[in-house]
Amino acid sequence: MLDLNFIRKNPEEVKRAVREKHERVDVDHLLRLDADRRELLHQIEVLRKQLNEGSKRVSELKRQKQDAATLVEEMRVLSDKIKGHEKRLDPLTPEIDDLLLRIPNIPAPDIPKGEDASGNQVVRTWGKRREFSFKPRPHWELGASLGILDLERGAKICGSGFPLYKGIGARLERALFNFMLDLHTRKHGYQEVFPPFLVNRASMTGTGQLPKMEEDMYRTSDDLFLVPTAEVPVTNLHRDEILSHKELPIYYTAYTACFRREAGAYGKDTRGIIRVHQFDKVELVKFVRPETSYEELEKLVKDAEEVLQLLGLEYRVLKLCTGDMSFASSKTYDLEAWAPGVEKWLEVSSCSNFEDFQARRINIRFREEPASGGKVRYVHTLNGSGIALPRTLIAILENYQQKDGSVIIPEVLRPYMGGVEVISQ
RNA sequence: GGAGAGGUGGCUGAGCGGCUGAAAGCGGUGGGUUGCUAACCCAUUGAAGGAGGUAAAUCUCUUUCCCCGGGUUCGAAUCCCGGCCUCUCCGCCA
């Protein structure tokens, strides 16, 4: 969330962000409630001061064995008065908090204006388009004929959108996330964590999935949520903590399965495994000093890009425009891999700097060096996919397919595949 | 799931309903001492909000916070109720 103080001072900027991100929050209403609340709070504080002083005098009188009955009676009246004020204050705070939670983060200055995905900017591309002497087939055909992807049986045991990988396909899935975790931990300096796949409501609110996206989440009868991304458990690792400046920056990487209902997304990319309800993903999460967060974002993107480079997959990097960015982000890059079978760019990673938007919700701060005053400040949080599997798997199958329907395994994955070089029937 | 114990500052850990935002120790920071290191000595060291003040900061005043939420009381870390979490034992179990 944004700093209420910032909203007071920059209401127009906040309203613009609300518009640009297609949100609906009444900022003026929020400011009115806030003014009311502060006025009431002030009155209560004045009264409470009187009460505290009075109570102290009662205590003194009693110690001197003097009669305090009149004063006690006075204090009782005062106490009731405070309670009356508090009754009026009570409903205000939750309402303000709720509004605050619904105000999106403000896009960074260099973010292109735009209504939707068409306004995104291509920042760079990597790799070259493969030439095929035949018409490349889509992954669902390859997967079925190779016996590595069984969507029918996945649907039987759970429902559509829950893919079943079999045999060498299952191994390929496992090889992919192991390869990615190794790369990020060994080469890029991330610490591996393996978090719970279920999280509570506070965690979901902390990273910004709630209250806005509740319909898209799977929820259990215990009011727990299946993680839509490892970002949620991993970012919440340090909730309500004050970190030492010595600990920063902190880099984590985590594999989790991810669960998304994608309510309202029906009819889009329904074939194959482009859009599914359960998928695997390796996530990168950073906690950094505010001054370094944009630099750290560039590094994070590079770390994700390297996965695609090592896999030999053609991709492009997009800078998202205001209308296509997520609620909590101030700057986002997407990575899209080319899939020749479906003839589409597929989003395999989304890397964002949230500045202190999440840190404020989750209350993650750090203490400055004594030389800088030892002040407590919010950290900046970042995360990005490093990277998401099903679409990467699609890109591999479709890019590395051969005329006879077999698929060559990218070299970097072979050590994870027991040396298998090609998947064939 | 059953029985018991407990949740206090960065950590360990005291705390009679008022003199406790909190003893003591550790840690951190500043300084001193010392061939170096270690040790020792002194001082200092929680957070959030509001009002005032300032060019800005230092600063002053004030409210709140001892897991969370209610309640009793003039007054709650301390008493009562509910919840959450942790630990120990028993049961069950991959």
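Conventions adopted
- Residues numbered from 1 in each chain as written.
- Chains lettered and ligands numbered in written order.
- Predicted model: local features only at pLDDT ≥ 70, side-chain atom pairs only at ≥ 80, totals over all residues.
- Heavy atoms only, no water.
- Phe/Tyr/Trp six-rings, centres within 6.5 Å; stacked < 30°, edge-to-face > 60°.
- Lys NZ or Arg CZ within 6 Å of the ring centre and 35° of its normal.
- Pairing = 2+ DSSP bridges.
- Helix = DSSP H or I, 4+ residues; strand = E, 2+ residues; numbered from the N terminus.
- Axes fitted to C-alpha atoms, helices over the stretch in contact; angles between N-to-C directions.
- Buried < 20%, exposed > 50% of the residue type's maximum accessible area, 1.4 Å probe, protein only.
- Lys, Arg positive; Asp, Glu negative; His and termini not counted.
- Salt bridge = Lys/Arg side-chain N within 4 Å of Asp/Glu carboxyl O.
- Contact = heavy atoms within 4.5 Å.
- Near = heavy atom within 4 Å.
- Polar contact = N/O pair within 3.5 Å; in protein donor to acceptor, adjacent residues only side chain to side chain.
- Nonpolar A, V, L, I, M, F, W, Y, C, P; charged D, E, K, R; others polar.
- Expected span 1.5 Å × (residues − 1).

Participant: Could you clarify how one ought to interpret the packing of aromatic side chains in this entry?
Facilitator: Aromatic ring pairs are described here by two measures, namely the spacing of the ring centres and the angle between the planes. Under the defined criterion, the tally for this structure stands at 12 aromatic pairs. Three or more aromatic residues joined by ring pairs make a cluster, and in this case those are Phe177, Phe194, Phe197 and Tyr255. Across from the ring centre of Tyr400, 4.6 Å away, lies the NZ or CZ of Arg130, which sits over that ring. A cation sits over an aromatic face here: Lys286 above Tyr251, 4.3 Å from the ring centre.

Participant: How do you make sense of the sheet that holds strand S5 (residues 241-244) when you look at a structure like this?
Facilitator: Note on sheets: strands pair through backbone hydrogen bonds, and any given pair is parallel or antiparallel. The mixed open sheet is built from three strands, whose spatial order is S5-S11-S12. Each edge of the sheet is formed by a strand with only one pairing partner; in this case those strands are S5 and strand S12 (376-378). Geometrically, the sheet is characterised by an average inter-axis angle of 35° between neighbouring strands, direction not taken into account. Two strands pair when backbone bridges link them, and S5 and strand S11 (residues 364-367) are joined in this way by four bridges, in the parallel orientation. By the bridge assignment for S11, Ser244 is matched with Arg367.

Participant: Would you mind showing me how to read the side chain of Arg391 here?
Facilitator: Secondary-structure assignment places Arg391 in helix H13 (residues 389-399). For the buried Arg391, no salt bridge exists, and the shortest N-O distance to an oppositely charged side chain is 4.6 Å, to Glu347. Dropping the residues within four chain positions of it, Arg391 is found in contact with Ile274, Arg275, Leu346, Glu347 and Val348.

Participant: Explanation requested: the pattern of salt bridges in the structure shown.
Facilitator: Two side chains carrying opposite charge are able to pair once their charged atoms lie near each other. Per the counting criterion, the structure on display carries 36 salt bridges. One salt bridge in this structure joins Arg129 and Glu314, with 2.8 Å as the shortest N-O distance. In this pair, Arg129 is assigned in the loop between strand S1 (121-126) and helix H6 (139-146) and Glu314 in the loop between helix H11 (293-311) and strand S8 (315-319), connecting sequence segments 185 residues apart. Assessed through its relative accessible area of 39%, Arg129 is described here as partly exposed. Connected via shared salt-bridge partners are Arg289, Glu291, Glu368, Glu369 and Arg377.

Participant: Any chance you could explain the protein's contact with RNA strand B here in plain terms?
Facilitator: Around RNA strand B sit 22 residues in total, of which Glu45, Arg48, Ser55, Ser59 and Ser79 are the nearest. Taking the atoms of RNA strand B that fall within 4 Å of the protein, sugar and phosphate contribute 73% of them. In this structure, a phosphate oxygen belonging to RNA strand B sits 3.3 Å away from a side-chain N or O atom of Arg367. For the surface near RNA strand B, the elements supplying multiple residues, two or more each, are helix H3 (27-63), helix H4 (69-89) and S11. Broken down by element, the surface near RNA strand B gets its largest block of residues, 12 residues, from H3. Residues belonging to the surface near RNA strand B are distributed by class as follows: six nonpolar, five polar and 11 charged.

Participant: Would you mind going over the environment of Asn120 with me for this structure?
Facilitator: In this structure, Asn120 sits in the loop between helix H5 (92-101) and S1. As for Asn120 and Thr322, which are separated by 202 residues in sequence, their C-alpha atoms are 8.6 Å apart. With near-sequence residues (within four places) excluded, Asn120 lies in contact with Leu318, Lys319, Leu320, Cys321 and Asp324. Reaching out from Asn120, the side chain makes a polar contact with the backbone nitrogen of Cys321 at a distance of 2.8 Å. Within the local environment of Asn120, its side chain forms a polar contact with the side chain of Asp324, the two groups lying 2.9 Å apart.

Participant: Please explain H3 as it appears in this structure.
Facilitator: Given 3.6 residues per helical turn, the α-helix brings residues three or four places apart onto the same face. With 37 residues, H3 extends 53 Å between its outermost C-alpha atoms, agreeing within 8% with the 54 Å of an ideal straight helix rising 1.5 Å per residue. In this fold, the buried residues of H3 make contact with helix H1 (4-9), helix H2 (11-20), H4 and H5. After H3 finishes, the residue Lys65 shows a positive phi value of roughly 60°.

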